[in-house]
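Residue-level structural notes
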Amino acid sequence: RADVAMYHAKASGRDRLCFFDEEMARAVRRRAELERDLVKAVETGQFVLYYQLQVRGPSWPVGAEALIRWPHPERGLISPAEFIPLAEETGLIVPLGWWILENACRQLVAWERKAETAGLTLSVNVSARQFYQPDFVERVLEILEKTEADPRRLKLELTESTLASDLGGIIDKMRVLKQRGIGFALDDFGTGYSSLGYLKRLPLDELKIDQSFVRDVLTDPNDAAIARTIVALAESLGLQVIAEGVETPEQWKFLAELGCPAYQGYYFARPLPIEQFEETLRQMLAPASSDGQGTVKFE
Ligand code: C2E
Ligand code: MG
Ligand code: MG
Ligand code: MG
């Protein structure tokens, strides 16, 4: 981007070059400030976890994904799309990642004690940089022990890029954690470069169909074909499958018809602070709002 801006700026004369320089300087400054604030935020735990419901139908909750939010004291809520990449570059993602996992595990323990949340799984995003820490497995086990969370309720979400190198080492780490009951989901599936050979060897539990295939699934036959193929692939490999980014009842029904059994998206629930998440769940489980079958069940 910066290179393109410079090129256009030079081509159109000195004034514009100055303009772009200033703009870039501003971007660099904002980044530096954000980095400084991020260090402080990690030190003081200035983050909150939001929870987004995962369902097998409109009144059939099965789990949630923990999604981090940064309520910046001056700038308001900053999206992870903005600060996670910065946290990854600076290495701050490692301590932040442990904070996220520990808090997610504490939430799982609290959920087990309440009728409407007992049995839900909780998916936690893990960055490559955190996963590649030599003590990753030990730290995860330590947090499980300390919080007394049930590992069978915990799912770790990895992306294809995380799984792109040192397959043997990755598999070893996953195996140890899987033996304790932890599940693994492959996030944003279909957007990376993982080969089918990789997929066959990795001890995964779930594929998450990326939202880019869900967005136009009704109108783009290629997206529909990809979604259908991912569902079939998951089935034949014995994996669970969930579609991300389901925003409309039409998308949901279409996905259901092509065989996708589980969904996550704004249509069912947005990522919400814990109180609102639990309230949404209570409403969903109330008899009046059940989907006509009269019963609501967990997986
Ligand atoms: P992701 O793990 O693929 O999470 C799904 C993203 O899609 C979330 O964005 C969620 O809010 C958004 N989403 C959910 N349903 C819909 C929908 O129906 N429509 C649309 N348009 N979007 C939907 P969010 O929370 O902004 O997070 C963005 C990314 O940041 C995540 O993508 C993940 O890669 C990263 N991230 C978020 N929380 C964490 C975290 O705790 N740790 C790490 N390492 N990364 C995180
Ligand atoms: Mg995710
Ligand atoms: Mg995703
Ligand atoms: Mg993503």
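Coordinates for the structure precede this section.
The notes below deal with the structure included here. (Residues numbered from 1 in each chain as written. Chains lettered and ligands numbered in written order. Predicted model: local features only at pLDDT ≥ 70, side-chain atom pairs only at ≥ 80, totals over all residues. Heavy atoms only, no water.)

Comments concerning the environment of Gly91
By secondary structure assignment, the location of Gly91 is in the loop between helix H3 (80–90) and helix H4 (93–112). Between the C-alpha atoms of Gly91 and His72, which are 19 residues apart in sequence, the distance is 20 Å. (Helix = DSSP H or I, 4+ residues; strand = E, 2+ residues; numbered from the N terminus.)

A few points about the coordination of the magnesium ion (ligand 2)
Protein coordination at the magnesium ion (ligand 2): the donors are Glu65 (OE), Asn125 (OD1), Glu157 (OE) and Asp187 (OD), at 2.0 to 2.3 Å from the metal. In the primary structure, the donors to the magnesium ion (ligand 2) are separated according to the pattern E-x59-N-x31-E-x29-D. Here the magnesium ion (ligand 2) and the magnesium ion (ligand 3) are spaced 4.1 Å apart, with Asp187 acting as a shared donor. Of the two residues, Asn125 is situated in strand E4 (residues 121–125) and Glu157 in strand E5 (residues 154–159); the sequence distance between them amounts to 32 residues. Look at Glu157 and you get buried, because its relative accessible area is 1%. (Donors = N, O, S within 2.8 Å, 3.2 Å for Na, K, Ca; no water. Buried < 20%, exposed > 50% of the residue type's maximum accessible area, 1.4 Å probe, protein only.)

What about the side chain of Lys155?
Among the secondary structure elements, Lys155 is positioned in strand E5. Among the polar contacts made by the side chain of Lys155, one reaches the side chain of Glu206 at a distance of 2.9 Å. Not counting residues within four places of it along the chain, the set of residues in contact with Lys155 comprises Thr121, Leu122, Ser123, Val124, Gly183, Glu206 and Gln240. (Polar contact = N/O pair within 3.5 Å; in protein donor to acceptor, adjacent residues only side chain to side chain. Contact = heavy atoms within 4.5 Å.)

Focus on the coordination of the magnesium ion (ligand 3)
Of the protein atoms, only Asp187 (OD), Asp188 (OD), Glu244 (OE) and Glu244 (OE) coordinate the magnesium ion (ligand 3), at distances of 2.0 to 2.5 Å. Residue Asp187 is classed as buried on the basis of its relative accessible area, which comes to 7%.

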